Amino acid sequence: MQTTQDITVTRSATEVVLVAPAYTLGVALTRPRATIAGPHGELWSDLSLLASVDRVGLPDESSGPTAVTVEEQADGSVRVTVLSDSSAWATKAVVLQCTAREVRAHVEVTTEDDDARIADLTMFGGQAILPSGAAGTFRSGIRFPSVFVPTPTEPIQVVRLSNMQAQLGVVGDAEPGRLHGIFSPPPLVFALGRPAIAADAPHGPTDMPVGDWLGVSVVAPIEQLGFTTYRYDALDGGFLLRLAYEGHTRVRAGGWVSPEFVLRPAGAPLTAIRDYRDDLAERGWAAPAPEQADWWHEPIFCGWGAQCALAVRMSHEGEELATDNADGFVLPAGAAFAPDLARQHLYDRWLRRLAERDIHPGTVVIDDRWQADYGTNTVDTEKWPDLRGWIDERHAEGQRVLLWFKAWDPTGLPPELTVRDSAGRPVSVDPSNPAYLAALAEQVTRMVSPDGLDADGFKVDFTQRAPSGVGLRTHADDVWGINALHAIVRTIHEVAKAAKPDALVVTHTVHPSFSDVTDMVRLNDVLEDSVHGEPVPVGDQLRFRHDIAAAALPGHAIDTDQWPMPNREEWLAYARIQPQLGVPALYYVESIDNSRETVTDADLDEIAGLWREYRALRAGGERTAREPSAV
């Protein structure tokens, strides 16, 4: 037995056991397996030490006898290396770097090929043909009942059974099984758990109970996050972890090293997220929160909810718009669609109603869709005859204006600036092309510069609509997935700040490495039901999201959002707690879209009172955002 500082190493002919303060790791010497347990011996998993780095057109299967070495390092850590033969690479090794607090795993491959492209990476499991004759896909054992998922999904269940799959990343929409984009990207950390739940108090859909948890995070600089999704892939009592590179990461002659998968015990899911953020920050891969202008904390009016509510009334009640519009606009028959209602005269109407009830937003968000084309962000002058003049009027009233920006949409752009499918059709913008980023920079300057529209920043939306697919064509390799999204948001942020230093960029990119390009985190669209088909209160959903955002991006301002609301009662209930969570945001003026209930003068008077109290607390220097859980 040897002691390497905080790690005790015990060797036998068949196994090496590492006992660290936070865990115990037993590494088999005759097969690619290791057991990992808590400090008191509770087994987390019998980990598979196989990995597959599939190439496009060439799956990676491990085979042959496995060589396992365990080396004590001068810094007190212990390095475990598992070598295996590979059908796709000249050499392949799974490496575990073990410290007192954590196990950091990655895979290394080498090749003489100058154009190897990675399809998928699986860790803690993969395809193999073992000396025993067993073949196929191997996984790590599930010895924990629960998995914590830090992104909102539908149905809502943030701590779910460990035999259920889960996915994080930048691909999603409202189609079945794809609603992963409320936070896009979220913190790339799952937590495997034995939560402490009393038998008479089962946890609810958004509860994050303390207990015995093992965080499993992906750690790398943003430039190496060239994958679209990170998946916890479970089947029949086993799991592996999967990163989808989709053929857009090229391995040159020499080799490639994967991001690290970090196993770190934690006492609660939020602790696992804070540890993950600290890990990135210590390596210079997550920046501190930005300095904040006072106006960023002013209450927000966003017209999207009012647009949706009016569209519902027009569809169901035949309401017309010409009655209060001097331009005589009448919505075309059958076009009662909310983006068609982002119109100058309607925003004037809604702001007049608010002013009549003594509601004066500090920030106004012009939502989807004020622009003629999403990809060019030129003004739709039919809807906004004088957008610059309108923004000037808002400034004269002491208000700021944010423009809604739809990420990834290529509409209106030349095809050469886009990601295209095999038939040459544009699918999304292409941030691997410097010409697109230059065009985006020109757009941002035009929208924010005093010589242009003179807007004050952006609400960046649809970050979950990243292109995804092996067959898609890009201008260059290695700018894909999360890395590609960061390139888009970074361009918006840098150019906006150059034009107007106190410009505000609001996103729902709740990943610590987006801290340098995100000023304010938006809690995003409200979902509906639990896994049992029961409505989940709006307040519960948004408190959970606040706590995740505060742990991943500490110190950032938070836009509390407010859409969609199931009914008037929940809308008002949520409005009452918004000041505890961040900056109050008002989306409704005349009616509620889902319930078609009328917003009364008394309702708006209550909102006005809540905003007065919020502003008074801000002026008095008191904290208005709720402190997240201490665990």
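Residues numbered from 1 in each chain as written. Predicted model: local features only at pLDDT ≥ 70, side-chain atom pairs only at ≥ 80, totals over all residues. Heavy atoms only, no water.

1. With respect to empty space enclosed by the protein
Part 1: Inspection of every chain in the model, using the stated rule, returns five cavities of 30 Å³ or more.
Part 2: Of the voids in this model, the largest cavity is the one considered here, and its volume is about 60 Å³.
Part 3: Pro-152, Thr-153, Ile-156, Gln-157, Val-158, Thr-206, Leu-527, Gln-541, Phe-544 and Arg-545 are the residues that line the largest cavity.
Part 4: Considering only residue class, the lining of the largest cavity consists of five nonpolar, four polar and one charged.
Part 5: The volume enclosed by the second largest cavity comes to roughly 50 Å³.
Part 6: Lining of the second largest cavity is provided by Ile-36, Trp-44, Ser-45, Leu-47, Phe-144, Leu-192, Leu-214, Val-216, Phe-239 and Leu-263.
Part 7: Broken down by secondary-structure element, the contributors of at least two residues to the lining of the second largest cavity are strand E6 (43-48) and strand E19 (211-219).
Part 8: The leading source of residues in the lining of the second largest cavity is E6, at three residues.
Part 9: For the lining of the second largest cavity, the per-class residue count stands at nine nonpolar, one polar and no charged. (1 Å grid on protein atoms, 1.4 Å probe; cavity = no way out; pocket = protein on both sides within 12 Å on 5 of 7 lines; lining within 4 Å. Points joined across faces, edges and corners; volume = space filled by probe spheres on them. Nonpolar A, V, L, I, M, F, W, Y, C, P; charged D, E, K, R; others polar. Helix = DSSP H or I, 4+ residues; strand = E, 2+ residues; numbered from the N terminus.)

2. Regarding helix H1 (residues 269-282)
Part 1: For H1, with 14 residues, the first-to-last C-alpha span of 20 Å sits near the 20 Å given by 1.5 Å per residue.
Part 2: Taken residue by residue, H1 has Pro-269, Leu-270, Ala-272, Ile-273, Asp-275, Tyr-276, Arg-277, Asp-279 and Leu-280 as its buried positions.
Part 3: Contacts made by the buried residues of H1 are with strand E11 (103-111), strand E15 (146-148), strand E18 (189-195), E19, strand E23 (260-266) and helix H7 (538-552). (Expected span 1.5 Å × (residues − 1). Buried < 20%, exposed > 50% of the residue type's maximum accessible area, 1.4 Å probe, protein only. Contact = heavy atoms within 4.5 Å.)

3. Overview of unusual backbone geometry
Part 1: A cis amide bond links Glu-154 to the next residue, Pro-155, at an omega of 0°.
Part 2: Take Pro-155: it is sitting in the loop between E15 and strand E16 (159-161).
Part 3: With omega at -10°, the peptide bond leading from Trp-563 into Pro-564 counts as cis.
Part 4: Tracing the chain through its elements places Pro-564 in the loop between strand E32 (557-559) and helix H8 (568-581).
Part 5: Notably, Asp-561 is not glycine yet its phi reads approximately 60°, a positive angle.
Part 6: You can see Asp-561 is positioned in the loop between E32 and H8.
Part 7: With a phi angle near 60°, Arg-596 is a residue other than glycine that sits in the positive phi range.
Part 8: Along the chain, the position of Arg-596 falls in the loop between strand E33 (585-586) and helix H9 (601-619).

4. A look at the pattern of salt bridges
Part 1: The final tally for this structure, using the stated rule, is 49 salt bridges.
Part 2: We note a salt bridge from Arg-264 to Glu-102, for which the minimum N-O separation is 2.8 Å. Note that Arg-264 is positioned in strand E23 and Glu-102 in the loop between strand E10 (91-98) and E11, a separation of 162 residues in sequence. Here the two residues Arg-264 and Glu-102 agree in accessibility, since each one is buried.
Part 3: The closest approach of N and O atoms between Asp-340 and Lys-383, which form a salt bridge, is 3.7 Å. On the criterion of sequence distance, the pair formed by Asp-340 in the loop between helix H2 (304-317) and helix H3 (344-356) and Lys-383 in the loop between strand E25 (363-366) and helix H4 (387-396) is long-range, its members being 43 residues apart.
Part 4: The network of salt bridges with common partners includes Arg-388, Asp-392, Arg-400, Asp-454, Asp-456, Lys-500 and Asp-502. (Salt bridge = Lys/Arg side-chain N within 4 Å of Asp/Glu carboxyl O.)

5. With respect to the packing of aromatic side chains
In this description, an aromatic ring pair is defined by two values, namely the gap between the centres and the angle between the planes.
Part 1: Enumeration over the complete set of coordinates arrives at 17 aromatic pairs.
Part 2: Both rings, one in Tyr-374 and one in Trp-404, keep their centres 5.8 Å apart while their planes meet at 65°; by these two values the pair is edge-to-face. Remark: Trp-404 occurs in strand E26 (residues 400-406) and Tyr-374 occurs in the loop between E25 and H4; sequence separation between them is 30 residues.
Part 3: Overall, the relative accessible area of 10% leaves Tyr-374 in the buried class.
Part 4: A relative accessible area of 1% places Trp-404 in the buried class.
Part 5: The rings of Phe-144, Phe-190, Tyr-230, Tyr-232, Phe-239 and Phe-261 are connected pair by pair, giving a single aromatic cluster.
Part 6: Here the guanidinium or amino end of Arg-55 rests over the ring plane of Trp-89, the centre of that ring lying 5.1 Å away. (Phe/Tyr/Trp six-rings, centres within 6.5 Å; stacked < 30°, edge-to-face > 60°. Lys NZ or Arg CZ within 6 Å of the ring centre and 35° of its normal.)

6. Some details on the packing of H3 against H4
Part 1: The interhelical angle for the contact between H3 and H4, taken along N-to-C directions, is 15°, at an axis separation of 11 Å. Between H3 and H4, the angle falls in the class roughly parallel. The two elements H3 and H4 meet at a crossing, and its hand is left-handed. Here H3 contributes Gln-344, Tyr-347, Asp-348 and Leu-351 to the contact with H4, which in turn contributes Leu-387, Trp-390 and Arg-394.
Part 2: Class assignment for the residues of the contact of H3 with H4 results in four nonpolar, one polar and two charged. (Axes fitted to C-alpha atoms, helices over the stretch in contact; angles between N-to-C directions. Parallel < 35°, antiparallel > 145°, perpendicular 65-115°, else oblique. Left-handed = near helix turned anticlockwise from the far one by under 90°.)

7. Some remarks on the environment of Phe-138
Part 1: As for its placement among the helices and strands, Phe-138 is situated in strand E14 (residues 135-141).
Part 2: Overall, Phe-138 belongs to the buried group, its relative accessible area being 17%.
Part 3: Sequence separation between Phe-138 and Leu-240 is 102 residues, and the spatial gap between their C-alpha atoms is 8.3 Å.
Part 4: For Phe-138, the residues in contact, after removing those within four places along its chain, are Leu-50, Gly-125, Gly-126, Ala-128, Leu-130 and Leu-240.

8. Some thoughts on the confidence of the model for the protein
Part 1: Looking at the protein, pLDDT values average 93 and 94% of them are 70 or higher.
Part 2: Ignoring residues within four places in sequence, the model shows residues 624-631, a span with pLDDT below 50, making 28 contacts including any to other chains. (pLDDT = per-residue confidence, 0-100.)

9. Here we look at the pairing of E25
Remember that side chains alternate between the two faces of the sheet whenever the strand is regular.
Part 1: On E25, burial covers both faces: Thr-363 and Val-365 on one face and Val-364 and Ile-366 on the other are all buried.
Part 2: Two elements, E25 and E26, share four bridges in a ladder whose sense is parallel. Bridging across to E26, Ile-366 finds its partner in Leu-403.
Part 3: Taken together, E25, H4 and E26 constitute a β-α-β crossover, and its handedness is right-handed. (Pairing = 2+ DSSP bridges. Right-handed = clockwise from strand over helix to strand, strands pointing away.)

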